[in-house]
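Geometric and topological summary
This is what each chain is made of:
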Number of protein chains: 2
Amino acid sequence: MSTLSSAVTPKLAEIIAIGSELLTPQRVDTNSLIITQNLNLVGVEVFTKQVIGDDRERLTDAIQRALGRADIVVLIGGLGPTEDDLTRDAAAAALGRKLEHSAEQEAILAARFRSINRPMAQNNLRQTYLIDGAEALPNPNGTAPGQFVVTPRGALALLPGPPRELKPMVERELIPRLKPLLPPQVIKVRSFRITGIGESDLDTLIAPVYSKYTNPVTTVLSAIGDLWVHLRAQGNSEAEVDALLKEVGDPIAELLGDRVYSTDGEDTLELTVGRLLRERSATVATAESCTGGMIAARLTDAAGSSDYFVAGYVTYTDQQKNAILGVPQELLDKHTAVSEPVALAMAEAAQRLSGATYGVATTGYAGPGGGTEAEPVGTMYLAIAGPKGATRCSRIRHGADRYRNRTLATQFTLDLLRKSLLGTIHPKPL
Amino acid sequence: MSTLSSAVTPKLAEIIAIGSELLTPQRVDTNSLIITQNLNLVGVEVFTKQVIGDDRERLTDAIQRALGRADIVVLIGGLGPTEDDLTRDAAAAALGRKLEHSAEQEAILAARFRSINRPMAQNNLRQTYLIDGAEALPNPNGTAPGQFVVTPRGALALLPGPPRELKPMVERELIPRLKPLLPPQVIKVRSFRITGIGESDLDTLIAPVYSKYTNPVTTVLSAIGDLWVHLRAQGNSEAEVDALLKEVGDPIAELLGDRVYSTDGEDTLELTVGRLLRERSATVATAESCTGGMIAARLTDAAGSSDYFVAGYVTYTDQQKNAILGVPQELLDKHTAVSEPVALAMAEAAQRLSGATYGVATTGYAGPGGGTEAEPVGTMYLAIAGPKGATRCSRIRHGADRYRNRTLATQFTLDLLRKSLLGTIHPKPL
């Protein structure tokens, strides 16, 4: 039985990721990010992260030291069925406790193997041992249960390594067990996801607002063509925290305007576009050249996207732009495939051929080679054909990095569609 | 002066990344991957990685402990000019040595500021202090020199945090200084990238070969539908190392057979497919339903893919499968869209409509919803139409995870094409 009513007041956490594969040049621990995010939301700060190989002695030593420094120690991985999986043993040794077989865990594991119609190997029984005093954390997505134990030296959690097992366990099992041990406080976040502005321009725009405050804490993150502003406030009451997030968040929202595509921090641009299409009973079709199917792939990433995604055409050559989309050969000859008239003709063709409300199109020199003197590598035209024949095209130029160019063209084409749906940009009648 | 002629023989390294920003939910240390890769290639193994916040006491303690365990300790970051940049102080304290001002470093720094036409701030002088006995590592890409010191307790390196400063410093400054301290040896790698087999089946297949050897070191890494076997051998001569890689690698290659799609460790599956298409002067077109453009996007990821990628169709609804691809409505009514006849009809249509040598197609219930009793969620048909009307279809079923299903279907369809091109599977005449 766990001693959840312990006197510990965890505030500082230490995370130890276990596995020799995490010490290769190819692997990086990302689980600790999920854990950090969830701990931060209940007021716990992470002050050290470690990666330790599959070495019993070193691991036991690391856990022991961590328990001496932190209020909460979270161990990731090493809960599998093989001899290499040493986390249970090392954690028990560090605490000076025994591992005890759990008949209940064995029954759960046996049922799991029956349900997937596979025999349970003998070594899976290793996964049915719990540290004396630990509570098992259910794992509906895998064979290894987590473990949670509160000791006079602090709380210790053992979590499985696969992110799809770890993430729900952190959110549904670990955090609810930690919360009662923590001092009461209210923590809330407010997020903005943004596209269509660079990171330094964004910071120049909003730093005058947020830099005056240490609470909320403001973080700006960037990916290609994608930015995230994240405010985290803490206080003694909902009202206090809401007021802080409003005081800092509202001026930021106003400065960012329609560049914000999501305010919940989770929705991707394609999910936002999908929601807007669905709300308007509108549909979309794509005609892609330089993005080669990436826009269609992102639009269909969401479950239920058949509600609004109709069809996609990837026309990579002039000949196919003519044959499949009916772009007139004379247009291609006169302007080349990388031109505004051809981008618009592609968007209109996608719309017309599929019967969708909107057609979007891309054509460009993604790089690293290609381009002309007038239209150098990196030049990409992004077009939209809207209801009633209204069209719009924008041109971007961002150098010769192919991956970056394709990602930017995909992102900005989705954003063109979003702004058209919002009515903040207006395609013009032909 | 450094004591480079020291008696230490570094073999085990510990990496400590310093900076509170690396303990947020958004940031992950990737510098350690660059360092690990370079250390591995001179025979040094990394046995622990840590991330420590900007805390002098904790950092000093961590460096001290690391020096007690490892032969080489590498510190990343915290070399900036501000009060928060504590690495120099903590490292000196951990060694019990003083920091000494270097007139030479001050001259270098002053020249750097002159060259970019900016005044040098007073606090930049912090960057001109070296640990007693340390050698400065030149940093042409930033203001903070690295430091390298060999002590009776082991070697210690201080490296700047920005990857564009760190990477060249590791390759050009750190490794050349470590090499003379290491036992002379030759190190080489041999890699296999594999698809079409699960990680545990792969391990069952090849572990009997590699597990008898500690040299070469064998690593198996996995992503969705994608595996990587990596052998790293060390020895006293090229001939010895080549023989080891042959002794272990050749039987593995034989066991894996045509599941290996790349032997250089770098080529992606789409690059391999592209190369095979180009070598055969063959082309491909795609007709995608459940993968929604992902196959086309991957095939066009490579520069020059217009040599072999002709066209892609994303037909997400029955109506579009009929309208765009001409899949007979009676076929859709009789078998549903998720069926072998429809998958084959889609592949043939892609081939016929585009004039490509090969047509490939996907249709399935990607999830998380959908499916029928006969064809549950996760059922996906992958089809290929080859030259002379030869076709082939395979069915996969992998649960309800949409992202995983779409990725697997994309990967396995590309692999179906690869094996057809190799002639190791044979599409059958209709």
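When you go through chain A residue by residue, the secondary structure sums to 13 helices and 18 strands. Taken over the C-alpha atoms alone, chain A extends approximately 80 × 55 × 40 Å along its principal axes. Burial analysis of chain A (430 residues in total) assigns 56% to the buried set. Approximately 17,700 Å² of chain A is accessible, and the part contributed by carbon and sulfur atoms is 51%.

Residue and element names in this part refer to chain B. It is the contact of helix H6 (residues 199-210) with helix H7 (residues 238-256), at a shortest axis distance of 9 Å, that shows an interaxial angle of 155°. As summarised for this structure, H6 and H7 are arranged roughly antiparallel, according to the angle between their axes. When you trace H6 past H7, the crossing you get is right-handed. Between H6, through Leu-202, Leu-205, Ile-206, Val-209 and Tyr-210, and H7, the contact on the second element is made entirely by Val-248, Pro-251, Ile-252, Leu-255 and Leu-256. Of the residues belonging to the contact of H6 with H7, the class tally is 10 nonpolar, no polar and no charged.

On to the domain arrangement of chain A, then. Residue and element names in this part refer to chain A. Segmenting chain A into domains produces domain 1 (12-181), domain 2 (186-262) and domain 3 (269-429). Every contact between the two is made by six residues of domain 1 and, on the other side, four residues of domain 2. By the criterion of area lost to domain 2, the three top residues of domain 1 are Asn-40, Leu-41 and Glu-45, representing 75% of everything that side buries. Taken together, the links from domain 1 to domain 2 amount to one salt bridge. The partner of Glu-45 in a salt bridge is Arg-232, with the nearest N and O atoms 3.6 Å apart. In this assembly, domain 1 and domain 2 are joined by zero residue pairs in polar contact (both at pLDDT 80 or more). Looking at the side of domain 1 that touches domain 2 residue by residue, the classes come out as two nonpolar, three polar and one charged.

To continue, consider the sheet that holds strand S6 (residues 135-137) of chain A. Spatially, the 12 strands line up as an open sheet ordered S6(A)-S7(A)-S8(A)-S3(A)-S1(A)-S2(A)-S2(B)-S1(B)-S3(B)-S8(B)-S7(B)-S6(B), and their pairing is mixed. Edge positions in the sheet fall to S6 of chain A together with strand S6 (135-137) of chain B, since each has one partner strand and no second. The mean angle between the axes of side-by-side strands here comes to 15°, regardless of whether they run parallel or antiparallel. Strand direction decides the pairing type here: strand S1 (residues 12-18) of chain B and strand S2 (residues 45-52) of chain B, joined by seven bridges, are parallel. Looking at S2 of chain B, one finds that Glu-14 of chain B is bridged to Thr-48 of chain B. Helix-sheet contacts for helix H2 (residues 56-69) of chain B involve strand S1 (12-18) and strand S2 (45-52) of chain A together with S1, S2, strand S3 (72-76) and strand S8 (154-159) of chain B, and the interaxial angle to S1 of chain B is about 170°.

Before going further, it helps to spend a moment on the interface of chain A and chain B. Listed as interface residues are 57 residues of chain A and, on the opposing side, 57 residues of chain B. For the chain A and chain B pair, buried surface summed over both sides reaches about 4,600 Å², with 57% attributable to carbon and sulfur atoms. Put simply, chain A and chain B have zero salt bridges between them. On the surface where chain A and chain B come into contact, there are 23 residue pairs in polar contact (both at pLDDT 80 or more). Counting residues per element, the ones that place at least two in the side of chain A that touches chain B are helix H1 (31-40), S2, helix H2 (56-69), strand S10 (217-223), strand S11 (226-235), helix H9 (294-299), strand S14 (309-315) and helix H13 (402-422) of chain A. Residue contributions to the side of chain A that touches chain B peak at seven residues, all from S2 of chain A.

Of all the eight residues making up S2 of chain A, seven are buried; the element is thus mostly covered by neighbouring parts of the structure. With respect to chirality, the unit in which S1 of chain A leads through H1 of chain A into the neighbouring parallel S2 of chain A is right-handed. As judged from the five bridges shared by S2 of chain A and S2 of chain B, these two strands associate in the antiparallel manner. Note that in S2 of chain B the partner of Lys-49 of chain A across the bridge is Val-51 of chain B.

Cut-offs and rules
Residues numbered from 1 in each chain as written. Chains lettered and ligands numbered in written order. Predicted model: local features only at pLDDT ≥ 70, side-chain atom pairs only at ≥ 80, totals over all residues. Heavy atoms only, no water. Helix = DSSP H or I, 4+ residues; strand = E, 2+ residues; numbered from the N terminus. Buried < 20%, exposed > 50% of the residue type's maximum accessible area, 1.4 Å probe, protein only. Areas by Shrake-Rupley, 256 points an atom, 1.4 Å probe, with all protein chains shown as cover. Axes fitted to C-alpha atoms, helices over the stretch in contact; angles between N-to-C directions. Parallel < 35°, antiparallel > 145°, perpendicular 65-115°, else oblique. Left-handed = near helix turned anticlockwise from the far one by under 90°. Contact = heavy atoms within 4.5 Å. Nonpolar A, V, L, I, M, F, W, Y, C, P; charged D, E, K, R; others polar. Domains from an automatic or database assignment. Buried area = accessible area lost by both parts, 1.4 Å probe. Salt bridge = Lys/Arg side-chain N within 4 Å of Asp/Glu carboxyl O. Polar contact = N/O pair within 3.5 Å; in protein donor to acceptor, adjacent residues only side chain to side chain. Pairing = 2+ DSSP bridges. Right-handed = clockwise from strand over helix to strand, strands pointing away.

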